[in-house]
Amino acid sequence: MSLLRAQGLRRRYGRRLVVDVDALEVGRGEVLAVLGPNGAGKSTLFRLLLLVEAADEGRIFLDGREVRPGDREARRRLAGVFQRPYLFTGTVTDNVEYGLRARGLKRREREARVAELLALLGIESLARAPVNELSGGEAQRVALARALAPMPELLLFDEPTANLDVTVRRRFREDLARTIRTQANAAILITHDPADAFALADRIAVMEEGRIVQTGTPEEIVLRPATPFVAAVTGAELLGGGRVVACEGERVMVAMEIARGAGPRLAGIAPDGAALPPGTPVTVAYRPEEIALALPDEVEAGACNRVPLRVAALVPAGGMVRIRLEGDVSLTALVARHAVEVLGLEPGREVVARLEASALRVFPAR
Amino acid sequence: MELFTQALREAARLLFDLSPELVDIVVRSLRVSGSAVLLGILIGMPIGVAVGLGRFPGRQIAVALIHTGFALPPVVVGLFVYMFLSRSGPLGSLELLFTPTAMIIAQALLAAPYVAGITLAAVQAVPPDVRLQARALGASPLRALWTHMREARLGIGAAVIAGFGAVISEVGAVMMVGGNILGETRVMTTAIVLETRRGNFAVAIALGLVLLAIAFAVNLALTRLQQGRRPGEVGGSAREGKPAR
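Nothing here was measured: the structure is a model prediction, and the numbers come from that model. (Residues numbered from 1 in each chain as written. Chains lettered and ligands numbered in written order. Predicted model: local features only at pLDDT ≥ 70, side-chain atom pairs only at ≥ 80, totals over all residues. Heavy atoms only, no water.)

Caption draft 1: The pairing of strand β19 (residues 350-355) of chain A, seen in detail. Residues and elements named next belong to chain A. In terms of strand pairing, strand β15 (residues 292-294) meets β19 through 3 bridges, oriented antiparallel. Following the sheet pairing, L293 is matched in β19 by A353. Relative to β19, strand β16 (residues 305-317) is paired through 6 bridges, and the arrangement is antiparallel. Within the sheet, the bridge partner assigned to N305 lies in β19 and is L355. (Pairing = 2+ DSSP bridges. Helix = DSSP H or I, 4+ residues; strand = E, 2+ residues; numbered from the N terminus.)

Caption draft 2: Representation of the sheet that holds strand β3 (residues 31-35) of chain A within the structure. Residue and element names in this part refer to chain A. One open sheet accounts for 6 strands, arranged β6-β7-β8-β3-β9-β10; its pairing is mixed. Unpaired on one side and paired on the other, β6 (78-81) and β10 (211-216) mark the two borders of the sheet. Each strand of the sheet is rotated relative to its neighbour by a mean of 20 degrees, with strand direction disregarded. Summarising the sheet, strand β9 (residues 203-208) and β10 pair through 5 bridges and their orientation is antiparallel. Residue V206 lies in a different strand from β10, and its bridge partner there is Q214. (Axes fitted to C-alpha atoms, helices over the stretch in contact; angles between N-to-C directions.)

Caption draft 3: Broad picture of the packing of aromatic side chains. All told, the structure shown has 5 aromatic pairs over all chains when counted by the stated rule. With centroids separated by 4.9 Å and ring planes inclined at 0 degrees, the aromatic side chains of B:F70 and B:Y114 adopt a geometry described as stacked. Of this pair, B:F70 sits in the loop between α3 (59-68) and α4 (74-85) while B:Y114 sits in helix α5 (residues 100-125); the two residues are 44 residues apart in sequence, bridging distant segments of the chain. The class for B:F70 is partly exposed, based on a relative accessible area of 31%. Here B:Y114 falls in the partly exposed class, since its relative accessible area comes to 25%. Aromatic side chains B:Y82 and B:F98 sit 6.2 Å apart centroid to centroid with 70 degrees between the ring planes, which places their arrangement in the edge-to-face category. Of the two residues, B:Y82 sits in helix α4 while B:F98 sits in the loop between α4 and α5, which places them 16 residues apart along the sequence. For B:Y82, a relative accessible area of 32% puts it in the partly exposed group. With relative accessibility at 34%, the residue B:F98 sits in the partly exposed group. What links up through ring pairs into an aromatic cluster is the set A:Y86, A:F88 and A:Y98. Geometry around A:F61 places A:R5 over its ring, the cationic atom sitting 4.5 Å from the centre. When the ring centre of A:F88 is taken as origin, the NZ or CZ atom of A:R146, which lies over that ring, is 4.7 Å away. (Phe/Tyr/Trp six-rings, centres within 6.5 Å; stacked < 30°, edge-to-face > 60°. Buried < 20%, exposed > 50% of the residue type's maximum accessible area, 1.4 Å probe, protein only. Lys NZ or Arg CZ within 6 Å of the ring centre and 35° of its normal.)

Caption draft 4: Spotlight on empty space enclosed by the protein. All names here are of chain B. Going through the model one piece at a time under the given rule, you end up with 2 cavities of 30 Å³ or more. Within this model, the largest cavity holds a volume of roughly 60 Å³. Residue lining of the largest cavity: S29, V32, S33, Q107, V167, I168, E170, V174, V187, M188, T189 and L211, and that is the complete set. When contributions to the lining of the largest cavity are tallied by element, the ones reaching two or more residues are α2 (20-53), α8 (153-168) and α10 (188-198). Counting residues per element, the lining of the largest cavity draws most heavily on α2, at 3 residues. What the second largest cavity holds in volume is close to 40 Å³. (1 Å grid on protein atoms, 1.4 Å probe; cavity = no way out; pocket = protein on both sides within 12 Å on 5 of 7 lines; lining within 4 Å. Points joined across faces, edges and corners; volume = space filled by probe spheres on them.)

Caption draft 5: Molecular detail of the pairing of strand β4 (residues 57-62) of chain A. Residue and element names in this part refer to chain A. Where strand β1 (residues 2-13) lies against β4, 5 bridges are found, and the strand directions are antiparallel. Bridge assignment links R10 to a residue of β4, and that residue is E57. Relative to strand β5 (residues 65-67), β4 runs antiparallel, the two being bridged by 3 bridges. Bridge pairing links L62 to R65 in β5. Counted between consecutive antiparallel strands, the loop separating β4 from β5 contains 2 residues, among which D63 sits at a positive phi close to 55 degrees.

Caption draft 6: Representation of the environment of A:A292 within the structure. All names here are of chain A. Relative to the helices and strands, A292 is located in strand β15. When the C-alpha atoms of A292 and V21 are compared, they prove to be 39 Å apart, with 271 residues separating the residues in sequence. Once residues lying within four places of it in the same chain are set aside, the contact partners of A292 are V352, A353 and R354. (Contact = heavy atoms within 4.5 Å.)

Caption draft 7: The arrangement of the environment of A:F172 in detail. Relative to the elements of secondary structure, A:F172 occurs in helix α7 (residues 166-183). Taking C-alpha positions, A:F172 is 23 Å from A:V206, a pair spaced 34 residues apart along the chain.

Shape is all these values report; function is a separate question.
Structural data, given as C-alpha cells:
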C-alpha cells in the first residue's frame, strides 16, 4: 500500500486552476520527484500534500486513511522543508528541536536527537550558533535537520537546492541522498532541476500547468518521454516539425520540414503506444549530449542519422562546449572541450552531426 | 537662563532630598502609567494580531480606525471616561471617578491604539511562511501563532514603547478623570501643570526633568529587552541564498 496517495486534487487561485492532479502516490521507502518548470503549480502541490493548505477538490490518503489539513496527528507524520526555509529566532539547537518541543518531548530526548542529527549533517560545531550567523549552505542543513528531527514518515522538500550556489548545491544534494533514506520512510521532492530529480528520486512525476503529464523511473522519463514538454524539462532540445514517411514498430522515419521545402529524413523512436501512420505531423526532440560530431571526410559507416551542418557558434559550458550548428536544420551539440580541439571546430567549419535513431524522439504534433 | 539654572538646582535638590511628596508622585505616575500600558497591551495586542493576520470584510476600515486612534485627543478620551464614570453615567455606581483606576482606564484607552497599530504592522512584516513552516513541523495553530509573534518581537517591543510614551507624558485625560488630588491622584504631569499655575516654574521644570529622566530610564530598559536579539536578521542568509563561507 502506498504511504501517501492523492486523488483528484484541484486547487484554484481565483479563476486559475493551479493544481489539477488526478493521481499521485509515494510508497514506503520511495523517493518521488515532482519535476516541472517555475509556475507549474509545484509549490502549491507541496503545500497541499504537506497538509498546510486545503485543496478545493480531491482527497489525500495517508496509509489508506483520508487526511485533511486540520488533522494534526496526520500532519505530525509529515515534515516539510520550504524553498526558502525560515529559521526561527535563536540558535541552531532551538531550531532543530522545534518539532520535538511541539510534540512534547522531554529535554533529554530532545538533546540526544539534536546531537545525533547535527553530527549526521556535520554541523555539530554550530549547535549554539545564532542562526543569523549561518551561511546559506549551513542554514539549509539546519532546516534539513529541523525537518528530520521528529522522525517524520514522509519528508517533503520544495526546491531544496534552488537557493544554493553550484558547489554548495552538489554537497547538499549528497547530504540529502544520504539522509532522506536513513531518516524517513519516504520523501517527495519538488524541483525544477532535473539534476536533483535524477540524483535523488526513484520515480519522477513531470508536472505541466498543474497536471502530472508523465510518471516513471528516471530512465523511463529520459528514454521514453511521453511529450515534447517532458523531453524538454529533462534537458532535451526541440529539433523541429516534420511528417512521418514510414513507421515500423516504435521506429519512425520522419521527413523534416524546412523553410525551403523537404528537409533531411531522420530515423527516430516514437513514444510507447503512439500510432504514427505515414503523413502524421510530428515534433522531433533530441538530447544535445547524444550528438556526435565528425568532419565530413571522416564519417564512419554505421551511424543511423547523418546531417551535414556548419558550426555557427561555440559557447563554453563548464568542461563542455555547446555548439550551435546551422544547415537544413538547426541543432545544438554538447561536446567535450577536447573534441573541439581535435576536430578544430570554429565558426564556419563544415561538420556532420551523427545521431542514433534511439537518440531522436518523435512525438505526434499537438 | 537664570530661571533654568535655578530649576536645575531645584531638580537636583528634589532628587537628592527624595522628599516623600516627590517619591509619592513618581511612584503613582509609574504605577498608573505602567498599569495603563499593561491594560493597553491586553486590549491592543490581540486586536493588532487579529487585524494584522486576519482576512475579513471591512479589514481596511478596521486598520484605518486603529490608525485614527493615534490621533485621539487625550481630553476627548478623558471626557468620555468622565461621562461613563460620573455619578449619572452608566458606570457611575462603581464610584471610580477621581481615583487612580479611572486614570488607568483613560490612559489604557490612549495606549491601546498605539499598541494595536504598531503590533499590526509588526506581525504583517513577518513572512507568512513562518506560520506555514511552524505548522509543517507539527506545531499547533496556537504554537505557530506564538512563533510568528516571537519573530515580530522587535516591532511588538516598539508597540509597547510607543504605548508607554503615549501615556507617561499625558496630562489632559488624567487631569479630567483623576482630579489631581494630592496624595491620591496627583501624578507628575498634573503636578507640573499645578506648579506652573502657581508660578513655581522652577519646581515645574524640575518635575519635568525628573519625568524625562524616568521616561528615558524606562525606555532604555524596554529597548534593551527588545533589542536583545534581532529577529529581523535571523535566517536571512538562508532566505537570500547566501553562499557558504
